[in-house]
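# Structural overview
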Amino acid sequence: MSIASWIKRDKRVVWHGFTQMSCYDTSTPVIVETGEGNYLIAVEDNRYLDAISSLWVMTIGHNDPDLNQAAVDQLLKISHSTLLGNGNVAPIELAEALAPQVPVPEPHFLFASDGAATGFGRTGTLFASEQCGIAPDIMCLGKGITGGYAPLSATAAAPHIYETFLGPDLGERTFYHGHSYSGNALAAVDILEGCEGKQLKATLRSNIDQVRPGHPSPIIPVVLGDEDRAMTVSSELQKMGILVPAIRPPTVAPGTSRLRLTVSAAHTPGDMRRLLSALDSAGVDAT
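Our subject in this report is the structure included herewith. (Residues numbered from 1 in each chain as written. Predicted model: local features only at pLDDT ≥ 70, side-chain atom pairs only at ≥ 80, totals over all residues. Heavy atoms only, no water.)

In an α-helix, one turn spans 3.6 residues, which is why side chains three or four residues apart end up on the same side. Compared with the 21 Å implied by 1.5 Å per residue over 15 residues, the 22 Å span of helix α7 (residues 197–211) between its first and last C-alpha is a close match. Those residues of α7 lying buried are Gly197, Asn207, Ile208 and Val211. One side of α7 carries all its buried residues, which in axial view fall inside an arc of 100 degrees. For α7, exposure combined with an orientation more than 90 degrees from the buried face picks out Lys198 and Gln199. (Helix = DSSP H or I, 4+ residues; strand = E, 2+ residues; numbered from the N terminus. Expected span 1.5 Å × (residues − 1). Buried < 20%, exposed > 50% of the residue type's maximum accessible area, 1.4 Å probe, protein only. Arc of directions from axis to C-beta.)

Rendered as structure tokens:
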């Protein structure tokens, strides 16, 4: 199926976070099909080097086999259980790991659920609201989608809710919703304090310095000023297979539109050469 067909299907039913949907299909969006290391693989086999690696995707890895296996191992132990008056090994171990990191003496942790009964159709209709003759404006679909077997949820909105937020790009009507980060900070701390940590820190430092020597963070803002130029450069980089977003007002002050580069220790020397070459071809001095 062509990218255009996927974009048409996408716009018909998906409400994207931090996106003005009235302009969505004019911005040449990437439709990701799978991932491989530092690369996203889109439909029609287009490959993109991820250069926004602290934003959602690289925090959980692009189809990383070790992370995939860790998730499988956890599901093989137990996929879902109640904590109402009972215990569960997974949250106990997680709470024990969190406790030393929290600046509170003898902390206790509340583990919250995102929904109620698992499984659709258990009231005789697909949704319980149908039993009451209600057509809700907004419907939260949590554990029912997977029967509680995986952390997947969705929120459905009626057309009049969705259409209320349509308007000019970055206009006042834009609904800047979005999902949370998915990285495991405790796992990262554990790795950094282990034998791998020293080498990972050195690699990250080297990758940062290749873009902007001495910069204190792997997040490297490249201020271009004009909104149109930021969008144009971002689009040019995308055509070269590099994903770097253009950040514009109201997220940043007027006149300070920028690219938001983020490098990681996972970026290889080849990745960095490709990124720097693309920036140079786009006429961008990131230093």
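Structure shown, so let's carry the discussion forward.
So, about the packing of aromatic side chains. On inspection of all chains with the given rule, the structure shows four aromatic pairs. Judged by centre distance (5.7 Å) and plane angle (50 degrees), the rings of Trp15 and Phe165 are tilted. Taken as a pair, Trp15 in the loop between α1 (3–13) and β1 (32–36) and Phe165 in the loop between α5 (159–164) and α6 (185–192) lie far apart in primary sequence, 150 residues in all. Take Phe165: its relative accessible area is 28%, and that puts it in the partly exposed class. Taken together, the aromatic side chains of Trp15, Tyr162, Phe165 and Phe175 make up a single cluster linked through ring pairs. Sitting above the plane of the Trp6 ring, Arg9 keeps its charged end 4.4 Å from the centroid. If you follow Arg47 out to its NZ or CZ, it ends over the ring of Tyr39, 5.0 Å from the centre. (Phe/Tyr/Trp six-rings, centres within 6.5 Å; stacked < 30°, edge-to-face > 60°. Lys NZ or Arg CZ within 6 Å of the ring centre and 35° of its normal.)

Here we come to a nonpolar patch on the surface. Residues Leu83, Leu94, Phe109 and Phe111 make up a contiguous nonpolar surface patch of about 310 Å² in total accessible area. Inspection of the secondary structure puts Leu94 in helix α4 (residues 89–98). (Patch = residues over 30% accessible without salt bridge, like charges linked within 9 Å, V, L, I, M, F, W, Y side chains within 5 Å. Areas by Shrake-Rupley, 256 points an atom, 1.4 Å probe, with all protein chains shown as cover. Salt bridge = Lys/Arg side-chain N within 4 Å of Asp/Glu carboxyl O.)

Another aspect to go through is the sheet that holds strand β9 (residues 257–262). The sheet built from three strands is open, its strands ordered β6-β9-β8 with antiparallel pairing. Unpaired on one side and paired on the other, β6 (219–225) and β8 (246–247) mark the two borders of the sheet. Those strands touched by helix α8 (residues 227–239) are β6, β8 and β9, and its axis lies near 35 degrees from that of β9. (Pairing = 2+ DSSP bridges. Contact = heavy atoms within 4.5 Å. Axes fitted to C-alpha atoms, helices over the stretch in contact; angles between N-to-C directions.)

All right, on to the pairing of strand β4 (residues 138–141) then. Side-chain positions along a regular strand alternate between the two faces of the sheet. The alternating pattern of β4 places Met139 and Leu141 on a buried face, while none of Ile138 and Cys140, on the opposite face, is buried. Examined bridge by bridge, β4 and strand β5 (residues 154–157) share four bridges and lie antiparallel to one another. Its bridge partner being in β5, Leu141 is matched across the sheet by Ala154.

A complete count under the given rule lists four salt bridges for this structure. Lys11 is paired through a salt bridge with Asp25; the nearest N and O atoms lie 3.3 Å apart. With Lys11 in helix α1 and Asp25 in the loop between α1 and β1, this pair connects stretches of sequence that are 14 residues apart. For Lys11, a relative accessible area of 26% gives the class partly exposed. What makes Asp25 partly exposed here is its relative accessible area of 37%. In this structure, the salt-bridge partner of Asp209 is Arg205, at a minimum N-O distance of 2.7 Å. One end of the pair, Asp209, and the other, Arg205, are both in helix α7, four residues apart, so they sit about a helical turn from each other.

It is worth spelling out unusual backbone geometry at this point. With an omega dihedral of 10 degrees, the bond running from Pro249 to Pro250 counts as a cis peptide bond. If you trace the backbone, Pro250 turns up in the loop between β8 and β9. Phi angles above zero are rare outside glycine, and Phe18 is one such case at about 55 degrees. Along the chain, Phe18 falls in the loop between α1 and β1. Given a relative accessible area of 44%, Phe18 falls into the partly exposed group.

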